[in-house]
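Report on the structure
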Amino acid sequence: MASDTYISHNRTYHNISTSVMNIGTLINYSPDIILKVYKIGFSNAALKGFNANTLLAKTFICTGVKGFEPLIPSDILHTNSIDKFNGGIAHGSSGMPVVVTNPENQIPCVTKKLFRAFYYYSEETLTSGWGGTYGLYAKYLMMPEYQLVYECNNSQTQPITLRQDEGIFILNSVYTQSNKYTDTYFEFTIE
Amino acid sequence: MAQTFTSYNSGISFAASKVMGGIYNRHASEILKIRRVGLINGQTAAVTGVLCNLEFRLTTGTPTWTSPVAGVLTKHDSTNTPPTTYDQGNSGTFSGGTSTALRRTNWSSDEAAVSGATMDEMECFIPLNIIFDAGYGDSNVQPLTLNQNQMAHVYNISGAAGLLDTWIEFTKE
């Protein structure tokens with residue numbers, strides 16, 4: 001019997017002056033449920049007119065996330081409503097920590113561990129065409145299967161398991177240029 | 001379902017005859033099973049890249065791996081207990097044993113650029129750069145099994161420019 005499955009999908013507008021930005025988050029605050037994350041992905045969502053730059057996003061697995069301000073809820077697909085777990089889960093993007101002393105400390109957790117890193121090229125996707133050097137890379141970055149950051153695709157290994165006060169953050173951590181859109185998503189179950 | 005871990009090595013500089021990421025099981029009874037291994041281009045600043053020759057290897061016969069730099073170990077479940085006696089990480093001094101190449105890839109160590117769609121940028125796609133995957137759901141196929149004094153590692157034979165990220169997903173049984 002499949003567990004109730006959800007997708008948290010985020011579209012983040014990069015318009016920041018800090019060097020670290022949260023472009024996707026999933027946190028479990030509840031002692032009563034366990035979140036199991038089976039897929040993490042992203043894609044280029046810049047449509048037109050944006051200057052190209054390379055973003056370096058790093059995905060962290062974090063524990064001890066208390067002290068984080070509420071995040072902006074995003075879309076939910078699959079079964080049921082996230083609302084019935086009101087107060088138990090935070091998801092979305094762009095939420096920033098209460099205390100910011102330096103870029104590293106913007107990661108709102110006691111313990112953070114780099115789980116995956118990936119580069120991301122933020123040129124728009126529609127104006128340059130397949131033949132352009134700018135446009136080609138940007139189009140690859142639109143293809144969801146190319147942009148899987150993590151996938152648990154078998155029953156022999158554990159998915160990423162989030163217990164109380166544990167979370168995942170996708171952090172854009174290098175470039176500061178604004179005016180970019182990035183989509184991220186988490187596919188997870190609640191058990 | 002076995003306890004699962006990811007060892008992540010970030011920004012490892014290429015050098016000849018270097019372990020870019022590895023797992024060494026030193027325990028007599030714990031078995032470590034390698035499920036997936038991936039690479040990405042870790043170079044962002046301009047560099048004169050070269051063609052590097054990487055192998056993913058199984059080494060048996062009690063190789064020597066001294067002073068490795070520990071990678072970042074993530075438990076897939078915080079209740080997991082890491083292996084008792086083992087090494088995970090990169091670099092150090094490696095020698096001995098009997099190595100078998102399971103995968104080989106030539107790698108461009110040039111930086112990923114905003115103006116290109118070359119091999120350098122293709123090396124940034126995680127799904128395209130998984131060089132070993134035994135976790136595809138068929139329980140009839142064994143993952144790469146490390147018994148005592150056996151090691152699995154990404155080994156750079158030649159090429160000395162640029163940076164590489166490696167990750168290894170493994171279980172303890």
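Just so it is clear, the model here is predicted, and its values are computed rather than measured.

With respect to the overall build of chain B
- Helix and strand content of chain B: one helix and 14 strands.
- Taken against the 2.2 N^0.38 rule, which gives 16 Å for 173 residues, the C-alpha radius of gyration of chain B at 16 Å falls within 12% of a compact globule.
- With respect to the principal axes defined by its C-alpha atoms, chain B has extents near 50 × 35 × 30 Å.
- Residues classed as buried in chain B amount to 53% of the 173 residues present.
- Taking the contacts inside chain B whose residues are at least 6 apart along the sequence as the reference set, 87% of them involve residues at least 24 apart.
- If the 10 positive side-chain charges of chain B are averaged to one point and the 14 negative ones to another, these points end up 9 Å apart.

Digging into the nonpolar core
- Grouped together as the largest cluster of nonpolar side chains are 33 residues, with contacts concentrated most on Val37(A), Ile40(A), Ile160(A), Ile168(A), Phe186(A) and Phe188(A).
- Of all the secondary structure elements, the ones that give two or more residues to this core are β2 (21-28), β3 (35-44), β4 (54-63), β7 (111-121), β8 (148-151), β9 (160-162), β10 (166-172) and β11 (180-190) of chain A.
- Judged by nonpolar contacts, the second largest core, of 26 residues, contains Ala134(B), Ala152(B), Leu164(B) and Phe170(B).

Some words on the pattern of salt bridges
- Overall, the coordinates contain 10 salt bridges over all chains when judged by the stated rule.
- Residue Arg163(A) pairs with Asp77(B) through a salt bridge whose shortest N-O separation is 2.7 Å. Remark: Asp77(B) occurs in the loop between β7 (72-75) and β8 (86-90) and Arg163(A) occurs in the loop between β9 and β10; the pair is interchain, linking two chains.
- Overall, the relative accessible area of 27% leaves Arg163(A) in the partly exposed class.
- Exposure remark for Asp77(B): the relative accessible area of 6% places this residue in the buried category.
- Here Arg36(B) and Glu169(B) are joined by a salt bridge, their closest N and O atoms 3.2 Å apart. Of this pair, Arg36(B) sits in strand β3 (residues 32-41) while Glu169(B) sits in strand β14 (residues 163-172), placing them 133 residues apart in sequence. This pair shows no difference in class: Arg36(B) is buried, exactly as Glu169(B) is.

A few points about the interface of chain A and chain B
- The interface of chain A with chain B comprises 36 residues on the first partner and 44 residues on the second.
- Across the interface of chain A and chain B, roughly 3500 Å² is buried in total on both sides, 56% from carbon and sulfur atoms.
- Applying the counting criterion to the chain A and chain B interface returns two salt bridges.
- One salt bridge connects Glu169(B) with Arg116(A), and the closest N-O pair in it is separated by 3.9 Å.

Let's talk about the sheet that holds strand β13 (residues 150-158) of chain B
Residue and element names in this part refer to chain B.
- Pairing is antiparallel in the open sheet, where six strands are placed in the order β6-β8-β2-β13-β4-β10. Bordering the open sheet on either side are β6 (69-70) and β10 (98-108), each of which pairs with just one other strand.
- As judged from the two bridges shared by β6 and β8, these two strands associate in the antiparallel manner. Its bridge partner lying in β8, Ala70 is registered against Gly89.

Here we look at the packing of aromatic side chains
- Tallied over the entire structure, the rule returns seven aromatic pairs over all chains.
- Summarising the aromatic geometry, the rings of Tyr146(A) and Phe125(B) are spaced 5.8 Å apart at their centres and angled 55 degrees between planes, so their arrangement reads as tilted. Here Phe125(B) lies in the loop between α1 (119-122) and β11 (130-133) and Tyr146(A) lies in the loop between α1 (133-140) and β8, a pairing that spans two chains.
- Between Phe56(B) and Phe132(B), the ring centres sit 5.2 Å apart and the planes meet at 40 degrees, which makes this aromatic pair tilted. Taken as a pair, Phe56(B) in strand β4 (residues 51-60) and Phe132(B) in strand β11 lie far apart in primary sequence, 76 residues in all.
- By relative accessible area, which is 0% here, Phe56(B) ends up buried.
- Through a chain of ring-to-ring contacts, three or more aromatic side chains come together here, namely Phe5(B), Tyr86(B) and Phe170(B).
- Directly above the aromatic system of Phe115(A) lies the positively charged group of Arg116(A), at a separation of 4.5 Å from the ring centroid.
- Against the face of Trp167(B) rests Arg116(A), its NZ or CZ located 3.7 Å from the ring centre.

Observations regarding the side chain of Asn80(B)
- Of note, Asn80(B) is situated in the loop between β7 and β8.
- At a separation of 2.7 Å, a polar atom in the side chain of Asn80(B) contacts the side chain of Gln158(A).
- Not counting residues within four places of it along the chain, the set of residues in contact with Asn80(B) comprises Gln158(A), Gln3(B), Thr4(B), Phe5(B) and Lys75(B).

Considerations on the state of the cysteines
Residues and elements named next belong to chain B.
- One pass over the structure, following the stated rule, counts zero disulfides over all chains.
- Left unpaired, Cys124 is separated from the closest cysteine sulfur, that of Cys52, by 15 Å.
- According to the relative accessible area criterion, Cys124 is buried, its value standing at 4%.

Details of the environment of Met119(B)
All names here are of chain B.
- One can find Met119 in helix α1.
- When its relative accessible area of 39% is taken as the criterion, Met119 is described as partly exposed.
- A sequence separation of 11 residues divides Met119 from Ser108, and the C-alpha atoms of the two residues are 6.8 Å apart.
- Setting aside residues up to four positions removed in sequence, Met119 forms contacts with Asn106, Trp107 and Ser108.

What counts and what doesn't
- Residues numbered from 1 in each chain as written.
- Chains lettered and ligands numbered in written order.
- Predicted model: local features only at pLDDT ≥ 70, side-chain atom pairs only at ≥ 80, totals over all residues.
- Heavy atoms only, no water.
- Helix = DSSP H or I, 4+ residues; strand = E, 2+ residues; numbered from the N terminus.
- Rg over C-alpha atoms; globule rule 2.2 N^0.38 Å.
- Buried < 20%, exposed > 50% of the residue type's maximum accessible area, 1.4 Å probe, protein only.
- Contact = heavy atoms within 4.5 Å.
- Lys, Arg positive; Asp, Glu negative; His and termini not counted.
- Charge placed at Lys NZ, Arg CZ, Asp CG, Glu CD.
- Core = buried A, V, L, I, M, F, W, Y, C linked by side-chain atoms within 4.5 Å.
- Salt bridge = Lys/Arg side-chain N within 4 Å of Asp/Glu carboxyl O.
- Buried area = accessible area lost by both parts, 1.4 Å probe.
- Pairing = 2+ DSSP bridges.
- Phe/Tyr/Trp six-rings, centres within 6.5 Å; stacked < 30°, edge-to-face > 60°.
- Lys NZ or Arg CZ within 6 Å of the ring centre and 35° of its normal.
- Polar contact = N/O pair within 3.5 Å; in protein donor to acceptor, adjacent residues only side chain to side chain.
- Disulfide = S-S within 2.5 Å.

In short, geometric facts, not functional conclusions.
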